[in-house]
Amino acid sequence: MTSAASPHLTGGLDTLVIPGRVDADRAELTPRGELVHGCAEILARTLAGLPATVTRVDLDMAGVHFMDTAGLQFLDVLADHGRRRALAVTAANWNGQPRRILELAGLDTTDPLSGLETTGPVPAAPPAAPTVSAVALERAERLHVLQEEVEQLRHAIASRPVIDQARGILMATHGCTSDEAWHILRETSQLSNTKLRDVAAAVTASAEADGPPPPAELRTALRRAVVRRRRG
């Protein structure tokens, strides 16, 4: 029992698959991949294909390593399936970035489904009425923070190839480890007040044949970062 999504726009082709097994009246599903656009529909098809004898559905989310706001729709589908079919449903073992998203959304990371009925849809912005409740304002703020973090993660994923190339160049040039190269890039970014992706792009371009050297300010920051890293 496996469902798969189409390629999405998170910067990769890591599709969502939902393998699982049914043991007596219990279905255990183990989603793997990313909870992005289309994930709720994949889950709905998977749930619809379960035998009518199933009275409990447990999802082990340890294999999900990225989610955006579509992941909340994924949870809505699961909770709604449990209510309509009078089933026990769980979604446990969240970790990494998906766990952070649940925290920002104000959900219990050990049992996020428990808060869906009382939490309800989160408004896109606080109502203009002067009688807006503190709860509504808090939910709107959570969504704003959530959307900002997801957008930052999308940019990070899109930047990953050039950053990885720059780390490799620094490792070869300075004989450092991958972690040390990462710290050099990050510190160069901070010292020069330059975006990390732009630092990585400059380092990568300078390593090409006849490639332009990084700007003077960036070269200075890079030298300082390398020296600091060597001194430990």
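The following paragraphs examine the structure supplied in this document.

What counts and how
Residues numbered from 1 in each chain as written. Predicted model: local features only at pLDDT ≥ 70, side-chain atom pairs only at ≥ 80, totals over all residues. Heavy atoms only, no water. Helix = DSSP H or I, 4+ residues; strand = E, 2+ residues; numbered from the N terminus. Expected span 1.5 Å × (residues − 1). Buried < 20%, exposed > 50% of the residue type's maximum accessible area, 1.4 Å probe, protein only. Lys, Arg positive; Asp, Glu negative; His and termini not counted. Salt bridge = Lys/Arg side-chain N within 4 Å of Asp/Glu carboxyl O. Contact = heavy atoms within 4.5 Å. Axes fitted to C-alpha atoms, helices over the stretch in contact; angles between N-to-C directions. Parallel < 35°, antiparallel > 145°, perpendicular 65-115°, else oblique. Left-handed = near helix turned anticlockwise from the far one by under 90°. Nonpolar A, V, L, I, M, F, W, Y, C, P; charged D, E, K, R; others polar.

Here the focus is helix 6 (residues 178-192). Relative to the 21 Å expected for 15 residues at 1.5 Å per residue, helix 6 spans 21 Å between its end C-alpha atoms, a close match to the ideal helical length. Of the residues making up helix 6, those classed as buried are Ala181, Ile184, Leu185, Glu187, Thr188, Ser189 and Ser192. A positive phi of about 55 degrees marks Asn193, the residue just after helix 6.

Right, let's get into the side chain of Arg167. Tracing the backbone shows Arg167 in helix 5 (residues 134-174). Buried within the structure, Arg167 lacks any salt-bridge partner; Asp164 is the closest side chain of opposite charge, at an N-O distance of 4.0 Å. With residues up to four places along the chain from it excluded, the contact list for Arg167 reads Ser178, Asp179, Ala181, Trp182 and Leu185.

Looking now at the packing of helix 1 (residues 39-48) against helix 2 (residues 70-85). Two elements in contact, helix 1 and helix 2, have axes whose closest approach is 8 Å; the angle formed by their N-to-C orientations is 25 degrees. Viewed along their axes, helix 1 and helix 2 adopt a mutual orientation that is roughly parallel. Between helix 1 and helix 2 lies a crossing whose hand is right-handed. Where helix 1 abuts helix 2, its residues Cys39, Ala40, Leu43, Ala44 and Leu47 lie against Ala70, Gly71, Gln73, Phe74, Val77, Leu78 and His81. Tallied by class, residues from the contact of helix 1 with helix 2 come to nine nonpolar, three polar and no charged.

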